[in-house]
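# A closer look at the structure
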Amino acid sequence: MSNISVGVGHSGLADSFSAGKAAAVDALSQHGGTPQVLIVFAAMRFNHHELLAGISSVSGDMQMVGGTTAGEVSTAGFSTDSVVIMALGSECLEFVAGIGHNMSADESVCSVEMVHDILGKVSLDPDASLLVFPNGMGGDGLRVLDGLHSVLGMDFEICGGFLGDDERFETTFQYFNGKVYRDAIVGLMVCRMKGFKTGIGVRSGFASIGNSFICTSSEGNVVKEFENTSALDLYKDFLGEERAVRLPGVCLEYPFGIIDTNLSIDGEPLFQLRCGLSVDHKKGTISLAASIPEGSAVTLTTASRGDIIKGARSAAEQAKASLQGAAPQAVVMFSCVGRKLVLGRRIQEEVAVVQECLGKDVPLIGFYTYGEIGPVDKTKKELSVAKFHNETLVIWVLGK
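Residues numbered from 1 in each chain as written. Predicted model: local features only at pLDDT ≥ 70, side-chain atom pairs only at ≥ 80, totals over all residues. Heavy atoms only, no water.

### Some thoughts on the overall build of the protein
Put simply, the rule is: Helical segments are the DSSP runs of H or I of at least four residues, strand segments are the runs of E of at least two, and each set is numbered from the N terminus. For the radius of gyration, the atom set is restricted to C-alpha positions; the globular benchmark scales as 2.2 Å times the number of residues to the power 0.38. Exposure categories follow from relative accessible area, calculated using a 1.4 Å probe and restricted to protein chains: below 20% of the type maximum is buried, above 50% is exposed, and the middle band is partly exposed. The criterion used for residue contact is that any of the two residues' heavy atoms lie within 4.5 Å. Neither His nor the chain ends is counted toward charge; the positive residues are Lys and Arg and the negative residues Asp and Glu. Think of each charge as sitting on NZ of Lys, CZ of Arg, CG of Asp or CD of Glu.
Helix and strand counts for the protein stand at nine helices and 27 strands. Computed over its C-alpha atoms, the radius of gyration of the protein comes to 20 Å, within 12% of the 21 Å expected for a compact globule of 400 residues. Principal-axis analysis of the C-alpha atoms places the extent of the protein at approximately 60 × 45 × 40 Å. For the protein, with 400 residues in total, the buried portion stands at 59%. Counting contacts in the protein only where the partners sit at least 6 residues apart, residues at least 24 apart contribute 80% of the total. If the 32 positive side-chain charges of the protein are averaged to one point and the 46 negative ones to another, these points end up 4 Å apart.

Below is the structure:
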């Protein structure tokens, strides 16, 4: 019989070393066995070297992946100023961690380095699943996927979230095997899946406000023009004067959607959400978490709190259905910081609807991100390729 042990720990202690140690003790005591890897997500407020030292004082030299967030999630719900840890171990599964450096210099090269680091420790298993945690301020998310796909192929299962810094939008930290890094991508490959299945849910709840325009000039993840007009000026026109004064923060509430007329969800055209991170008022440009290619048809989108909760429920139902009857054993969720800002006081409801669907007692960990990665629908060939998302909830479930 295929067995897996999972434990989740949480701490909000003020002292960094003590918080790391307490969360690790909590996770390992719940695990009850010998874990193979720790997944660690934490707030920016910590001294990260001391935090990981506290964890390692309990776990030793165990594999570790993770990083900083814009809000933490665990089985206990949403939290801030905290550290959350998931300990995973199985006699049947293999967990292999890897890292790539200097993401902002070349996102694709960095992701390739990370994959090669993993494949230097284990042979490529086409049925494996890869979780990735890139620097959330490291550049173009599409370039990260380009690198991953160049090594693993377009059909390889990939999910993940871009690490955050509590909405400072300055720098993020990555955790790898007890050490703190900047400008890196860390990853965890789950291999030898016999007896196990993965379920994935990817939904947002955001919908088009009904407009459509063409991106006529862009460079990397910077949009210069829509309809041969300054991108920022056109965006301001759509927002209106009252909302425009809240730039760039308002970008998280009104993301762009790249329209794909060849694909649809429930009969509606599919669009990939893109969130503005910063604006240049002099140049009239908008910097995004991932690029909008020139010639793309784009729409402006929005969502109410109720829409976002409904999207979360849809993502959880999709993840459960794609398990094809397997029982959930562990859940990792990646939700966009923009969803957090819109939800406000209703933030706990997003975690709650996921747990209602997948099981309130199923070990769960996650964080609020600066971008998400996952396939729109892993059960359909035309939608099974991993994509970059904003304002989206991506749920990865390990089932048995």
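### Here we look at the UniProt feature "domain: FIST" (unreviewed entry) in the protein
Keep this limit in mind: UniProt positions are given in the numbering used here, feature names are shortened, and annotations may be inferred rather than shown by experiment.
Following the UniProt record, the feature "domain: FIST" (unreviewed entry) maps to residues 34–230 here. Along residues 34–230 the backbone is 19% helical and 41% strand, and the end-to-end C-alpha distance reaches 57 Å.

### Some words on the sheet that holds strand S23 (residues 328–336)
Just so we agree on the cut-off: Two strands are counted as paired when DSSP detects at least two bridges linking them. Under this scheme, a helix contributes an axis fitted over its contacting stretch, all axes are lines through C-alpha atoms, and angles between N-to-C directions fall in the 0 to 180 degree range.
Read across the open sheet, the six strands follow the order S5-S4-S24-S23-S27-S13; overall the sheet is mixed. Edge positions in the sheet fall to strand S5 (77–79) and strand S13 (197–203), since each of these pairs with one other strand and no more. Within the sheet, the average angular offset between the axes of one strand and its neighbour, ignoring direction, is 15°. Sheet analysis places S23 next to strand S27 (residues 393–399), joined by seven bridges and oriented antiparallel. In the strand pairing of S27, Ser335 is matched with Leu393. Most of the contacts of helix H7 (residues 305–322) go to S13, to which it runs at about 155°, and overall it touches S13 and S27.

### With respect to the packing of aromatic side chains
For the record, the criterion: Pairs were defined over the aromatic rings of Phe, Tyr and Trp, the Trp ring being its six-membered one, requiring ring centres within 6.5 Å. Orientation was assigned from the angle between planes: stacked under 30 degrees, edge-to-face over 60, tilted for the rest. Sitting over a ring, as applied to charges here, requires NZ of Lys or CZ of Arg to be within 6 Å of the ring centre and within 35 degrees of the ring normal.
Here the structure, examined in full by the defined rule, presents 13 aromatic pairs. The interplanar angle of 50° and the centroid separation of 5.2 Å between the aromatic rings of Phe226 and Phe256 together place this pair among those described as tilted. Of this pair, Phe226 sits in strand S16 (residues 222–226) while Phe256 sits in strand S18 (residues 256–265), placing them 30 residues apart in sequence. Accessibility classification places Phe226 together with Phe256 in one group, the buried group. Taken together through their ring pairs, the aromatic side chains of Phe213, Phe226, Tyr235, Phe238 and Phe256 make up a single cluster. One Lys or Arg, Arg45, reaches over the ring of Phe46 and ends 4.0 Å from the middle of that ring.

### What to know about the sheet that holds strand S3 (residues 63–68)
Taken in spatial order, the six strands make up an open sheet running S1-S6-S2-S3-S10-S11, and their pairing is mixed. On the outer flanks of this sheet lie strand S1 (5–11) and strand S11 (179–182), each paired with one strand and no other. Geometrically, the sheet is characterised by an average inter-axis angle of 15° between neighbouring strands, direction not taken into account. The sheet contact formed by S1 and strand S6 (residues 83–89) spans seven bridges and is antiparallel. Note on S6: the bridge partner recorded for His10 is Val84. In this fold helix H1 (residues 16–31) packs onto S1, strand S2 (37–42) and S6, with an angle of close to 155° to the strand it touches most, S1.

### A word on the domain arrangement of the protein
Filter applied, for reference: Where each domain starts and ends comes from a domain assignment, either automatic or drawn from a database. Buried area counts how much accessible surface, traced with a 1.4 Å probe, disappears from two parts once they are put together, with both parts' losses summed. Should a side-chain nitrogen of Lys or Arg be within 4 Å of a carboxyl oxygen of Asp or Glu, the pair is scored as a salt bridge. In the analysis that follows, any N or O atom pair within 3.5 Å is treated as a polar contact, provided that within protein one partner can donate a hydrogen and the other can accept it, and provided that, for residues neighboring in sequence, both atoms belong to side chains.
According to the domain assignment, the protein consists of domain 1 (4–202 + 308–399) and domain 2 (207–302). Measuring from the centre of the C-alpha atoms in domain 1 to the corresponding centre in domain 2 gives 27 Å. Across the contact, 19 residues belong to domain 1 and 18 residues belong to domain 2. Of the roughly 1500 Å² buried where domain 1 meets domain 2, counting both sides, 64% is carbon and sulfur surface. The largest share of the area that domain 1 buries against domain 2 comes from Asp140, Asn390 and Glu391, three residues that together contribute 31% of it. At the surface where domain 1 touches domain 2, the tally comes to zero salt bridges. If you look at where domain 1 meets domain 2, you find six residue pairs in polar contact (both at pLDDT 80 or more). The set of elements that each furnish at least two residues to the side of domain 1 that touches domain 2 consists of helix H4 (141–152), helix H8 (337–343) and strand S26 (386–389).

### Quick look at helix H5 (residues 231–239)
The line we're drawing: Regarding the arc, it is the one traced by the directions from the helix axis to the C-beta atoms.
Taken together, the buried positions of H5 are occupied by Ala231, Leu232, Leu234, Tyr235 and Leu239. Projection of H5 onto a plane perpendicular to its axis shows the buried side chains occupying an angular sector of 160°, all on one side. Where H5 ends, the next residue or the one after it, Gly240, has phi of about 90°, a positive value.

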